[in-house]
Amino acid sequence: PLVPFTVRGGTLQDYCDGATVWDCEPIISPVKGAELAFEVSGDSMAPAFPPGARVLLKKVRSDIMWGEIYVVDTEDGAVLKRVFPTDDEGVLELRSDNPAYPPVRMPTAHVRGVWRVLLRMIQ
């Protein structure tokens, strides 16, 4: 399902209440294992992930590969960022590719889910 909200490529400010499967547009995935799709907004992950690009995702159930790009579903909404560990237990650092955006420290208690990007589609 293509979730009818955009995943922010910018700051952690937009909050979305969530969507049911009936709210979502079904799309056919060209890759196996994709569970969700989102459209990117903002420019913090450009040029690789420009506004309007779609990302196909699979929920991470265990290990995160540090430095890779994920969609992190937080209390403040879903964001597309590179994920890194910190020296503080229970805190992640979310980094943008665009140097205009500073890193954000995110307590894992505020994370609802982490989704690995399987495919980026630019329209």
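Residues numbered from 1 in each chain as written. Predicted model: local features only at pLDDT ≥ 70, side-chain atom pairs only at ≥ 80, totals over all residues. Heavy atoms only, no water.

Student: Break down the overall build of the protein for me, with residues and values.
Tutor: Along the backbone of the protein there are zero helices and eight strands. Residue burial in the protein is summarised as follows: out of 123 residues, 39% are buried. Residue pairs in contact within the protein that sit at least 24 positions apart in sequence constitute 59% of those at least 6 positions apart. Of the accessible surface of the protein, which amounts to about 7,000 Å², a share of 52% is contributed by carbon and sulfur atoms. (Helix = DSSP H or I, 4+ residues; strand = E, 2+ residues; numbered from the N terminus. Buried < 20%, exposed > 50% of the residue type's maximum accessible area, 1.4 Å probe, protein only. Contact = heavy atoms within 4.5 Å. Areas by Shrake-Rupley, 256 points an atom, 1.4 Å probe, with all protein chains shown as cover.)

Student: Report on the nonpolar core, specifying residues and quantitative values.
Tutor: In terms of nonpolar packing, the biggest core is built from 14 residues, with Phe49, Val55, Leu57, Ile69, Val71, Leu80 and Val117 touching the most fellow members. Those elements that place two or more of their residues in this core are β2 (36-41), β3 (54-59), β4 (69-74), β5 (77-85) and β8 (111-121). Ranked by the residues each element gives to this core, the list is headed by β2, at three residues. Listed in part, the 10 residues of the second largest apolar core include Val60, Val72, Leu92 and Leu94. (Core = buried A, V, L, I, M, F, W, Y, C linked by side-chain atoms within 4.5 Å.)

Student: Got a sec to walk through the pairing of strand β6 (residues 91-95)? Specific residues and values, please.
Tutor: Along β6, four of the five residues are buried, which leaves the element largely enclosed by surrounding structure. What sits between β5 and β6 in their antiparallel hairpin is a turn of five residues, with glycine 90 showing a positive phi close to 80 degrees. Two strands pair when backbone bridges link them, and β6 and strand β7 (residues 104-107) are joined in this way by four bridges, in the antiparallel orientation. Pairing of valine 91 across the sheet is with proline 107, part of β7. (Pairing = 2+ DSSP bridges.)

Student: An account of the environment of valine 31 is needed here, citing residue identities and associated values.
Tutor: As for its position among the elements, valine 31 is in the loop between β1 (2-8) and β2. Valine 31 gets classed as partly exposed once you look at its relative accessible area, which sits at 26%. Non-local contacts of valine 31, meaning those with residues more than four positions away in its chain, are made with Leu56, Leu118 and Leu119.

Student: Quick one: what's the story with the environment of methionine 65, residue by residue and with numbers?
Tutor: Residue placement: methionine 65 occurs in the loop between β3 and β4. As for methionine 65 and valine 83, which are separated by 18 residues in sequence, their C-alpha atoms are 8.0 Å apart.

Student: Tell me about the packing of aromatic side chains, residues and numbers included.
Tutor: Counting across every chain of the model gives zero aromatic pairs. Against the face of tyrosine 101 rests lysine 81, its NZ or CZ located 5.8 Å from the ring centre. In this structure, arginine 95 is placed above the aromatic ring of phenylalanine 84, and the distance from its NZ or CZ to the ring centre is 3.6 Å. (Phe/Tyr/Trp six-rings, centres within 6.5 Å; stacked < 30°, edge-to-face > 60°. Lys NZ or Arg CZ within 6 Å of the ring centre and 35° of its normal.)

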